[in-house]
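Residue-level listing of the chains:
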Amino acid sequence: MNGKEIFKHMSPYKPGKQIEEVKKEFGLEKIVKLASNENPFGYSEKVKESIPNLIDHLEVYPDGYNTELRNTLAHKLGVTGEQLVFGCGSDEVVDIICRTYLESGTNTVMATPTFPQYKHNALIQGAETREVPLVDGYHNLEGMLKEVDKDTRVLWLCSPNNPTGCLVDEQGFEKIMNECPSHVLVVVDEAYYEYITTKDAPDSIKALDKYPNLVILRTFSKAYGLAGLRIGYGVSSKEISTLLNITRGPFNTTTIAQGSALIALKDEQFLQDSISRNTKNKKEFIDFCNELGLTTYDSQTNFVFVKLPSNVSGDEVFEFLLSKGYIVRSGEALGHPNGVRITIGAQSDMTVLQQLLSSYLAPLKEENKK
Ligand SMILES: *Cc1c(COP(=O)(O)O)cnc(C)c1O
């Protein structure tokens, strides 16, 4: 049985290497996974303590409206509950947006390389995808606006962008919101929002009052450390949110995910701790890269994309680190062959990673000079 025509050109998502797989392959005891931008400091102890209380009634369907989390989050963000849509990760909200707005005859505009799920889900809905290359890791906003026409339904801003870490700043955000025609939904994916340290970031939530075609995506998977529970959300005008909630499956987030996210939201201490440790370790790692003569993109996230010398491929550095028990992501799979994307880990792991990188790259650097 053939699927839709487009499936002939598509394949299932290839995730980063799994820990158990690497242990077996290389006979290693300890594996450090720095491949999927998960929180290296885990998740809130308060969540861990409360999970036993959340499993009392697993025979009952979850609250499909996610009432308690919805109300708490709405209050925290300064929006109304009707402006929210929850998903099984913000991944699912991306899919919900595509199913709501895209079909054959429409098109959607995004950067490249960027988060692959925008294109993937748009193609499944039969839409044309228009990809505009990044400039130095940043979105080419002018170029993206040029691709917009009467059939454009969705424009994606991944900010900060995965895999480069670069932010669309307030000026760029305002430019898009002001110049993009109002029939186009602008989706700002802020999966790494909590990690942003620059003052140039837009207050996207506040901008919802001004721009009825804006959708903001956030998640509990990254800074909150709950990737395994699968819960994320979209914030928009009530009108958009109503449509997205029509598309959404009735029980798409679990009782445990809803309850855990609610407690995670209240544990400010854990969040702030993760953020400040990330900021510190990231700065040290970037300094190390620069000392080694490597450049990185400006990162407002918990990962850094390292640009490699021209005689070194991302795959080869990936394979080397893998054999030592450090799983990173080769730029090859991310549309940027000459680099690696590395999640910022705990300090002790970053120290070893840096030693490994110098031992591998320093001799090659010498060779390059000859
Ligand atoms: C990790 C990530 C997501 C997906 O997060 P989930 O909520 O776990 O589905 C979305 N967008 C970007 C840019 C990401 O890096």
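The structure we're discussing is the one just above.
Residues numbered from 1 in each chain as written. Predicted model: local features only at pLDDT ≥ 70, side-chain atom pairs only at ≥ 80, totals over all residues. Heavy atoms only, no water.

Turning to the overall build of the protein, a few remarks are in order. Along its length, the protein carries 13 helices and 13 strands. Dimensions of the protein along its principal axes, counting C-alpha atoms only, are 60 × 50 × 50 Å. Within the protein, buried positions represent 53% of all 370 residues. With an accessible surface of roughly 17200 Å², the protein has 52% of that area assigned to carbon and sulfur atoms. (Helix = DSSP H or I, 4+ residues; strand = E, 2+ residues; numbered from the N terminus. Buried < 20%, exposed > 50% of the residue type's maximum accessible area, 1.4 Å probe, protein only. Areas by Shrake-Rupley, 256 points an atom, 1.4 Å probe, with all protein chains shown as cover.)

Residue position: Asn39 is located in the loop between strand 1 (32–33) and helix 2 (45–54). For Asn39, a relative accessible area of 9% puts it in the buried group. Among the polar contacts made by the side chain of Asn39, one reaches the main-chain carbonyl oxygen of Ala223 at a distance of 2.9 Å. Once you skip the residues sitting within four places of it in the chain, Asn39 turns out to touch Tyr195, Lys222, Ala223, Gly225, Phe270 and Ser274. (Polar contact = N/O pair within 3.5 Å; in protein donor to acceptor, adjacent residues only side chain to side chain. Contact = heavy atoms within 4.5 Å.)

Further remarks concern the site of the ligand. The local shell around the ligand holds 13 residues, among which Ser90, Asp189, Thr219, Ser221 and Lys222 are the closest. Between the ligand and Ser90 there is a distance of 2.6 Å, counted from an oxygen atom to a backbone nitrogen or oxygen. Protein burial of the ligand: of its 380 Å² of free accessible surface, 94% is covered by the chains. Its residues placed into classes, the shell around the ligand shows 4 nonpolar, 5 polar and 4 charged. (Near = heavy atom within 4 Å. Nonpolar A, V, L, I, M, F, W, Y, C, P; charged D, E, K, R; others polar.)

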